[in-house]
Amino acid sequence: MKHKPCKYRKRRLSTSWAKLPLPALVEVMYYLSDSERVACAQVCRHWYHAFETPMLWRAREFEFGGSRFRPLGQKSAQYAKKLGRYLRHMTIFCRQLTSHTCETMLCYLGNFLETLVDNGPPDLQSLDIEGLELEFWRFGNLRDEVASILITFFRSQNNLKMFRMPNAQFALLPGIEVLEAIAERNGSKLQTLLFEFFFQSRLAVFQVKRFQTVMKKFSNLHTVALNYCCLNEELVRSWADGLRGKLKELVIKCNDTEPYDHVISNSAWSLLTSASPDLQIDLSIFGIGHSREVIPILASAIHMRSFSFFSGYDIGNELGLNAILTHVTANYHQKLLHLDLEFDNYHDNIDDALMTTVTRCRLLTSLKVKAQTDIQVARYICNLLEEGRTSLTTVDLMLCDISPMQMEYLRDLRDDMGDMMRGQGVDLILRDDLYPDARWSSAWTDPL
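Residues numbered from 1 in each chain as written. Predicted model: local features only at pLDDT ≥ 70, side-chain atom pairs only at ≥ 80, totals over all residues. Heavy atoms only, no water.

S.K.: What is the right way to look at the packing of helix 6 (residues 102-118) against helix 7 (residues 140-154) in this model?
M.R.: The contact between helix 6 and helix 7 brings their axes to 10 Å, and the two run at 10°. It follows from the interaxial angle that helix 6 and helix 7 lie roughly parallel. Considering only the axes of helix 6 and helix 7, their crossing is left-handed. Contacts from Cys-102, Glu-103, Leu-106, Gly-110, Leu-113, Leu-116 and Val-117 in helix 6 reach Leu-142, Glu-145, Val-146, Ile-149, Leu-150 and Phe-153 in helix 7. (Axes fitted to C-alpha atoms, helices over the stretch in contact; angles between N-to-C directions. Helix = DSSP H or I, 4+ residues; strand = E, 2+ residues; numbered from the N terminus. Parallel < 35°, antiparallel > 145°, perpendicular 65-115°, else oblique. Left-handed = near helix turned anticlockwise from the far one by under 90°. Contact = heavy atoms within 4.5 Å.)

S.K.: What should I look at first to understand empty space enclosed by the protein in this one?
M.R.: Leftover empty space is mapped by rolling, across the atoms, a probe with the size of a water molecule. Summed over all chains, the structure comprises two cavities of 30 Å³ or more. The volume enclosed by the largest cavity comes to roughly 50 Å³. Along its surface, the largest cavity is lined by Phe-195, Phe-197, Phe-198, Phe-199, Gln-200, Ser-201, Val-205, Asn-227, Cys-229, Cys-230 and Glu-258. For the lining of the largest cavity, a count of residues per class yields seven nonpolar, three polar and one charged. Looking at the second largest cavity, its volume works out to about 40 Å³. Counting only elements with at least two residues in the lining of the second largest cavity, the list comes to helix 15 (375-387) and strand 12 (394-399). (1 Å grid on protein atoms, 1.4 Å probe; cavity = no way out; pocket = protein on both sides within 12 Å on 5 of 7 lines; lining within 4 Å. Points joined across faces, edges and corners; volume = space filled by probe spheres on them. Nonpolar A, V, L, I, M, F, W, Y, C, P; charged D, E, K, R; others polar.)

S.K.: I'm lost on the pattern of salt bridges in this one. Help?
M.R.: Where charged atoms from two side chains of opposite charge approach closely, those side chains can pair. Under the defined criterion, the tally for this structure stands at 16 salt bridges. Glu-63 is the salt-bridge partner of Arg-95, the closest N and O atoms lying 3.9 Å from each other. Taken together, the residues Arg-95 in strand 2 (residues 89-95) and Glu-63 in strand 1 (residues 59-65) connect sequence positions 32 residues apart. For Arg-95, a relative accessible area of 36% puts it in the partly exposed group. You can call Glu-63 partly exposed: its relative accessible area is 30%. A salt bridge links Glu-387 to Arg-389; the nearest nitrogen and oxygen atoms lie 2.8 Å apart. Several salt bridges converge on common partners, so that one network encompasses Asp-128, Glu-130 and Arg-164. (Salt bridge = Lys/Arg side-chain N within 4 Å of Asp/Glu carboxyl O. Buried < 20%, exposed > 50% of the residue type's maximum accessible area, 1.4 Å probe, protein only.)

S.K.: Can you help me understand the packing of aromatic side chains in this one?
M.R.: Two numbers describe a pair of aromatic rings. These are the distance of the centres and the angle of the planes. Applying the stated criterion across every chain yields a total of 15 aromatic pairs. Ring plane angle 90° and centroid distance 5.3 Å describe the contact between Phe-154 and Phe-163, whose orientation is recorded as edge-to-face. Taking relative accessible area as the criterion, Phe-154 reaches 0% and is therefore assigned buried. Plain terms: the ring middles of Phe-195 and Phe-198 are 5.6 Å apart, the flat faces sit at 70° to each other, and that makes the pair edge-to-face. Taken together through their ring pairs, the aromatic side chains of Tyr-48, Phe-51, Trp-57, Phe-62, Phe-64, Tyr-79 and Phe-112 make up a single cluster. Across from the ring centre of Trp-57, 4.8 Å away, lies the NZ or CZ of Arg-37, which sits over that ring. (Phe/Tyr/Trp six-rings, centres within 6.5 Å; stacked < 30°, edge-to-face > 60°. Lys NZ or Arg CZ within 6 Å of the ring centre and 35° of its normal.)

Structure representation (structure tokens):
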């Protein structure tokens, strides 16, 4: 018996990859590497047109420096010449810089950015530059040249919405000039400005009027990350006026290597919070241990979402860490979601204050603690989790200087809480500082 040929069979057989619709072909190429895309482009004219689709080349990462600095630099220059005009989202990594490789890296970076501009500058929407760390460059003239190259490039951009450049460590004047170049054409468009450790340490940037002036030119900021040494009363008040209802997230780093003894008044923070009621603030303090220095920074009107605190290493006397915890609890217990504490508290007993903090901060979802505490603190937090009296979903406790008997108790506590925490969806990590890597997590499951 002969079967009639299916009327769809011929049509199905005639459909080939060569005739795949352009949107579908572009979608396939989106998941291919550069070398695979080049190979595809040589198949036929239709595939070559897909290869040249701008969407495939809008987001790109470039690396300068490191052991393969020459081929990477040459490849980046070729990309800039042929496809750079399509870029919309660019990330630049500067790797393994030494005093001897900085000049070579700078040459390739400068050539790359110059080629981008000369071949029709890309209309970037986001730019991320990581790893410059100019403070460690051997020659000062090279640092100034970096700023000059970036200034020229930024003056070719008109639609930048996100700029991130952490750990750049510019000198004061070059750093301000870079910000001025960004603000010149993007001040009303930039929404995200992330520039922690943008300036060299020890610089009191908050005292410089020119810096305050350029920061006011960014009139559409939603997210800002910067150092406390860049903030002052005037800037906070200007944000309350110029960014009213716009500012949503503020990340502040405060470090003991930079000026931090200036105080921003509670009224200024209150004004900013009232102007931008959706504002959430993440504050990190590193190495500033004593309560008399920390508490003035922690204005009660700050809408604190996350607080990270490292007390510094033991200096041989009491730091007043109880007072810091009490202050944080009293002022932020209705706001705080994330708490990260690392105490070198040989002279401070924080057990009661820490348990009070965990109890009163009902919205807290993430807790990480490394400190000298009694095993009963771990037991208390586990009881809160067991009874559902806390919102915590992630807990990481490292108990320091505990006795062998307490270590045994900690192991028993791990075993007792394991199944229950997994059932509740809580990631509970209990460990000691003697074996910090031998940690136990309730999120871990036996692969067997």
